[in-house]
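This is what each chain is made of:
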Amino acid sequence: MNLKKKVAIQGIKASFHEEAALKYFGNEIDTLECNSFKHTCELLKKGDVEYTVMAIENSIAGSLLPNYTLIRDYNFAITGEVYLPIQLHLLALPGVTFEQIKFATSHPIAIRQCVDFFDDFPNISVIESSDTAACAKKIAEEKLIDTVAIANALAAETYGLNILERRIESNKKNYTRFLILENGKQDETPEINKASINFQVGNQVGALAKILNIFAELQVNLTKIQSMPVLGKRNEYHFYVDMEWKNMENYNQAIRKALKYTVNFNIMGEYLKNDKV
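Residues numbered from 1 in each chain as written. Predicted model: local features only at pLDDT ≥ 70, side-chain atom pairs only at ≥ 80, totals over all residues. Heavy atoms only, no water.

1. Digging into the overall build of the protein chain
At step 1: A tally of regular secondary structure across the protein chain gives nine helices and 15 strands.
At step 2: With the C-alpha coordinates aligned to their principal axes, the bounding extent of the protein chain is approximately 65 × 50 × 35 Å.
At step 3: Per-residue burial over the protein chain gives 47% buried out of 277 residues.
At step 4: Residue pairs in contact within the protein chain that sit at least 24 positions apart in sequence constitute 74% of those at least 6 positions apart.
At step 5: Approximately 14,300 Å² of the protein chain is accessible, and the part contributed by carbon and sulfur atoms is 49%.
At step 6: Treating the 31 positive side-chain charges of the protein chain as one cloud and the 34 negative ones as another, the clouds have centres 5 Å apart. (Helix = DSSP H or I, 4+ residues; strand = E, 2+ residues; numbered from the N terminus. Buried < 20%, exposed > 50% of the residue type's maximum accessible area, 1.4 Å probe, protein only. Contact = heavy atoms within 4.5 Å. Areas by Shrake-Rupley, 256 points an atom, 1.4 Å probe, with all protein chains shown as cover. Lys, Arg positive; Asp, Glu negative; His and termini not counted. Charge placed at Lys NZ, Arg CZ, Asp CG, Glu CD.)

2. A short note on the pattern of salt bridges
At step 1: Counted according to the given criterion, the structure contains twelve salt bridges.
At step 2: One salt bridge in this structure joins Asp 48 and Lys 46, with 3.9 Å as the shortest N-O distance.
At step 3: On the accessibility criterion, Asp 48 (34% relative accessible area) is partly exposed.
At step 4: Residue classification places Lys 46 among the exposed positions, given a relative accessible area of 57%.
At step 5: Residue Lys 273 pairs with Asp 275 through a salt bridge whose shortest N-O separation is 3.6 Å. (Salt bridge = Lys/Arg side-chain N within 4 Å of Asp/Glu carboxyl O.)

3. Observations concerning helix H3 (residues 65-74)
At step 1: Taken together, the buried positions of H3 are occupied by Asn 67, Tyr 68, Leu 70, Ile 71 and Tyr 74. With its buried residues spanning 160° around the axis, H3 presents them on a single face. In H3, those exposed residues whose orientation departs by more than 90 degrees from the buried face are Pro 66 and Asp 73.
At step 2: Asn 75, located one to two residues past H3, shows a positive phi value of around 60°. (Arc of directions from axis to C-beta.)

4. Remarks on the state of the cysteines
At step 1: A complete count under the given rule lists zero disulfides for this structure.
At step 2: Unpaired in this structure, Cys 135 has its nearest cysteine sulfur neighbour in Cys 114, at a distance of 12 Å. (Disulfide = S-S within 2.5 Å.)

5. A short note on unusual backbone geometry
At step 1: Although it is not a glycine, Asn 75 sits at a positive phi angle of roughly 60°.
At step 2: Inspection of the secondary structure assignment puts Asn 75 in the loop between H3 and strand S5 (77-85).
At step 3: Non-glycine residue Asn 235 carries a positive phi angle of around 60°.

6. Structural notes on the nonpolar core
At step 1: One finds Phe 118 and Tyr 159 to be the most contacted residues of the largest nonpolar core, which totals 47 residues.
At step 2: Setting aside anything within four residues of it in sequence, one finds Tyr 159 in contact with Ile 12, Lys 13, Ala 14, Ala 133, Ala 136, Lys 137 and Ala 140. (Core = buried A, V, L, I, M, F, W, Y, C linked by side-chain atoms within 4.5 Å.)

7. Observations concerning the sheet that holds strand S9 (residues 147-151)
At step 1: With mixed pairing, the five strands of this open sheet are ordered in space as S8-S7-S9-S6-S10. Lying at the two open borders of the sheet, with one neighbouring strand each, are strand S8 (125-128) and strand S10 (162-165). Strand-to-strand twist in this sheet, taken as the mean axis angle between neighbours without regard to direction, amounts to 35°.
At step 2: Two elements, strand S6 (residues 89-92) and S10, share three bridges in a ladder whose sense is antiparallel. By the bridge assignment for S10, Ala 92 is matched with Asn 162.
At step 3: On top of the sheet, helix H6 (residues 132-142) reaches S6, strand S7 (103-106) and S9; it is set at about 150° to S9, its chief contact. (Pairing = 2+ DSSP bridges. Axes fitted to C-alpha atoms, helices over the stretch in contact; angles between N-to-C directions.)

8. Some points on the sheet that holds strand S15 (residues 263-271)
At step 1: A sheet is described by the order of its strands in space; here four strands give the open sequence S13-S14-S12-S15, paired in antiparallel fashion. Every interior strand has two partners, whereas the edge strands, strand S13 (221-229) and S15, have only one. On average, each strand axis in the sheet is inclined to that of its neighbour by 15°, with strand direction left out of account.
At step 2: In this structure, S13 lies alongside strand S14 (residues 237-244), joined through eight bridges in antiparallel fashion. Its bridge partner lying in S14, Asn 221 is registered against Glu 244.
At step 3: Along the sheet, H3 makes contact with strand S12 (194-200), S13, S14 and S15, crossing S13 at roughly 90°.
At step 4: In the packing of helix H9 (residues 248-259) onto the sheet, the strands contacted are S12, S14 and S15, and the crossing angle to S15 comes to about 165°.

As structure tokens, this is what we get:
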């Protein structure tokens, strides 16, 4: 009997999404590969998996705005989070030397995070691809001796590649935040000190400030505020807010007060803060 948790990830084995899933859940999981974030949501909706791991922001590239819309449209519950340091290496077949390399391939975002490195090696042609781990897999399967992948150490281990150059990312403090999603609210747990909410406010002077002041007065710390236009409506926005607190009653009171000044208010998830990188 398979008791492993089933987790949907965007990308293939050894992608950063799988690395984040392993960091959060441990090794006893079955990851299901998906070619898009929408695909991960469909698997969760149908019950083919118990969890979806979804990137929501990167410290360099910023927020993944379409993913906020997916979480809202599918009405999934955010039940956890995990921060993953993004460490990028050059991966090659065993025995291949740096002098043999003509091409480097990876996801466009990973490539942009390594521009300083490749500025020093103009002889290497950089090619964009759909997935960091898929590039490593292709090198292993097709025995490409003139190509390196820009990917993580998990991809090197999974596909039997060597790390030619370590930590080629320009910013060594780069990280991505991933959310843990479930289809339905999680069981009641006393171990919550963070929440993600979304709402809309009326288009009048001070409407948003009034809501933000409620949380400030009750010592609820707003760690992120993200706005997105409401589709088809001028001057109307969805606001996505992450918040943390030390006193649960303060949080509950702030939510009750904020409800009076918002429309389409939704608590997307209440969970335990987990910001260790």
